[in-house]
Amino acid sequence: MNKSAMNPPIDSTPRDATPRLAFEPELLLAALDVRLLLLDVDGVLTPGDLLYGAQGEELKRFSTLDGHGLKLLMSAGIEPVVISGRDSPALRARSAELGLQHSVLGSGAKLPAAQSLLDQLELGWEQVAIIGDDWPDLALIARAGFSAAPPQSHAEVLARVSHITRAPAGLGAVREVCDLLLMARGAYAALLQDALDGKPHTPPPDSTKAGRPHDAISGTLAEPGAVLPSSR
């Protein structure tokens, strides 16, 4: 068998890259300046149910849709940050797997923790998006330039966010917000074209970005304002 038969040429005919997904213009305008996405975990990145194994270990279910959306977001220069009052090995493993540069775990007071991170990164609240589902997220929602919540969130949250996702928590809600932010950033169409052309998305920025190396996850954060860098 000749080599051409073993490796047939790839069809490079251009594919229609017109996005089939659309968001209201006012939503895209509200998200125009976003450079950081704060993510609650239980009820946002997961469906919200707490699962425990026979030895008391905490189990979590994550969506691959959400995970790929977060990687695309990083490739477009928007930094996702997990901010959760809970901590678990499962969450740490998922954060490291996705290559998240920062995580805030085990801190009950989310506002001081988020403010500390913004000060560290020299960002203002108008550059922040938040997706949350319950009262611990309200202080962030009240300050962020753009906010979202899954449809099963608490009523006080739903009444205050910029956008209520169509997709439920743990099943694409985060991906929906990622897509919206990519469109607002002007990166969605190019990433879609790359996917149609069979090209991998651009890897996230190097972990030594801005000259700050990021160490592996260790310990448990409980102090308000503590920022945990995660491994790649």
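The coordinates are above.
None of the values given here were measured: they were computed from a predicted structure.

Rules of the game
- Residues numbered from 1 in each chain as written.
- Predicted model: local features only at pLDDT ≥ 70, side-chain atom pairs only at ≥ 80, totals over all residues.
- Heavy atoms only, no water.
- Helix = DSSP H or I, 4+ residues; strand = E, 2+ residues; numbered from the N terminus.
- Areas by Shrake-Rupley, 256 points an atom, 1.4 Å probe, with all protein chains shown as cover.
- 1 Å grid on protein atoms, 1.4 Å probe; cavity = no way out; pocket = protein on both sides within 12 Å on 5 of 7 lines; lining within 4 Å.
- Points joined across faces, edges and corners; volume = space filled by probe spheres on them.
- Nonpolar A, V, L, I, M, F, W, Y, C, P; charged D, E, K, R; others polar.
- Expected span 1.5 Å × (residues − 1).
- Buried < 20%, exposed > 50% of the residue type's maximum accessible area, 1.4 Å probe, protein only.
- Arc of directions from axis to C-beta.
- Contact = heavy atoms within 4.5 Å.
- Core = buried A, V, L, I, M, F, W, Y, C linked by side-chain atoms within 4.5 Å.
- Salt bridge = Lys/Arg side-chain N within 4 Å of Asp/Glu carboxyl O.
- Pairing = 2+ DSSP bridges.
- Right-handed = clockwise from strand over helix to strand, strands pointing away.

Asker: Looking at this model, I keep getting lost on the overall build of the protein chain. Mind explaining?
Answerer: Scanning the protein chain from N- to C-terminus turns up nine helices and nine strands. For the protein chain, the accessible area works out to roughly 11400 Å², and carbon and sulfur atoms hold 56% of it.

Asker: In this structure, what is going on with empty space enclosed by the protein? I would like to understand it.
Answerer: One simple way to see leftover space: roll a probe sized like a water molecule over the atoms. Counted under the stated rule, the structure contains one cavity of 30 Å³ or more. Volume-wise, the largest cavity comes out at about 80 Å³. In terms of lining, the largest cavity is formed by Leu45, Phe62, Ser63, Asp66, Gly67, Leu70, Val82, Leu91, Arg94, Ser95, Leu98 and Leu100. Those elements giving two or more residues to the lining of the largest cavity turn out to be α3 (64-75) and α4 (89-98). With four residues, α4 is the single largest residue contributor to the lining of the largest cavity. Among the residues forming the lining of the largest cavity, the class breakdown is seven nonpolar, three polar and two charged.

Asker: In this structure, what is going on with helix α5 (residues 110-121)? I would like to understand it.
Answerer: Residue pairs three or four apart in sequence face the same way in an α-helix, which turns once every 3.6 residues. End to end, α5 covers 16 Å across twelve residues, agreeing with the expected 16 Å (1.5 Å per residue, within 8%). Among the residues of α5, Lys110, Ala113, Ala114, Leu117 and Leu118 are the ones counted as buried. Along the axis of α5, the buried positions cluster into a sector of 135°, meaning they face one direction only. As for α5, its buried residues are in contact with β1 (36-39), β4 (79-84), β5 (102-105), β6 (128-131) and α6 (138-143).

Asker: How do you make sense of the nonpolar core when you look at a structure like this?
Answerer: Where a protein is soluble and globular, its nonpolar side chains tend to be buried together. One finds Leu37, Leu70, Ile131, Phe146, Val174, Leu181 and Leu182 to be the most contacted residues of the largest nonpolar core, which totals 36 residues. Those elements that place two or more of their residues in this core are β1, α3, α4, β6, β7 (146-149), α8 (173-185) and α9 (188-196). Take this core: its biggest share by element is nine residues, from α8. Once residues lying within four places of it in the same chain are set aside, the contact partners of leucine 181 are Ala31, Val34, Leu37, Leu73, Ile78, Ala129 and Phe146.

Asker: Looking at this structure, how should I read the environment of isoleucine 130?
Answerer: In this fold, isoleucine 130 is placed in strand β6. Of the residues examined, isoleucine 130 reaches a relative accessible area of 1% and is grouped as buried. Considered as a pair, isoleucine 130 and leucine 38 are 92 residues apart in the sequence and their alpha carbons are 4.6 Å apart. With sequence-adjacent residues up to four places away left out, isoleucine 130 is seen in contact with Leu37, Leu38, Leu140, Ile141, Ala144, Phe146, Ser147 and Ala148.

Asker: I'm lost on the pattern of salt bridges in this one. Help?
Answerer: Two side chains bearing opposite charge may form a pair once their charged atoms approach each other closely. For the structure on display, the rule yields six salt bridges. Of the charged contacts in the structure, one is a salt bridge between aspartate 40 and lysine 110, with a shortest N-O distance of 2.9 Å. Of this pair, aspartate 40 sits in the loop between β1 and β2 (51-52) while lysine 110 is found in helix α5, placing the two residues 70 residues apart along the sequence. One exposure class covers both aspartate 40 and lysine 110, and it is buried. Of the charged contacts, one joins aspartate 137 and lysine 110 as a salt bridge, the two residues approaching to 2.6 Å between their closest N and O atoms. One end of the pair, aspartate 137, is in the loop between β6 and α6; the other, lysine 110, is in helix α5, with 27 residues separating them in the sequence. An identical accessibility class is assigned to aspartate 137 and lysine 110; each is buried. The structure contains a network of salt bridges with shared partners spanning Asp40, Lys110 and Asp137.

Asker: Could you clarify how one ought to interpret the pairing of β6 in this entry?
Answerer: Working note: regular strand, side chains alternate between the two faces of the sheet. Every second residue of β6 is oriented toward a common face, with Val128 and Ile130 on one face and Ala129 and Ile131 on the other, all of them buried. Sheet topology note: the β1/β6 ladder contains four bridges and is parallel. The partner of leucine 38 across the bridge, within β6, is isoleucine 130. In this structure, β6 lies alongside β7, joined through three bridges in parallel fashion. Bridge assignment links isoleucine 130 to a residue of β7, and that residue is serine 147. For the handedness criterion, the β-α-β arrangement of β6, α6 and β7 is classed as right-handed.

Asker: Before we go on, may I ask you to explain the pairing of β7 in this structure?
Answerer: Burial along β7 is two-sided: Phe146 and Ala148 facing one way and Ser147 and Ala149 facing the other are all buried. Note: β7 against strand β8 (residues 163-164), two bridges, orientation parallel. Pairing of alanine 148 across the sheet is with histidine 163, part of β8.

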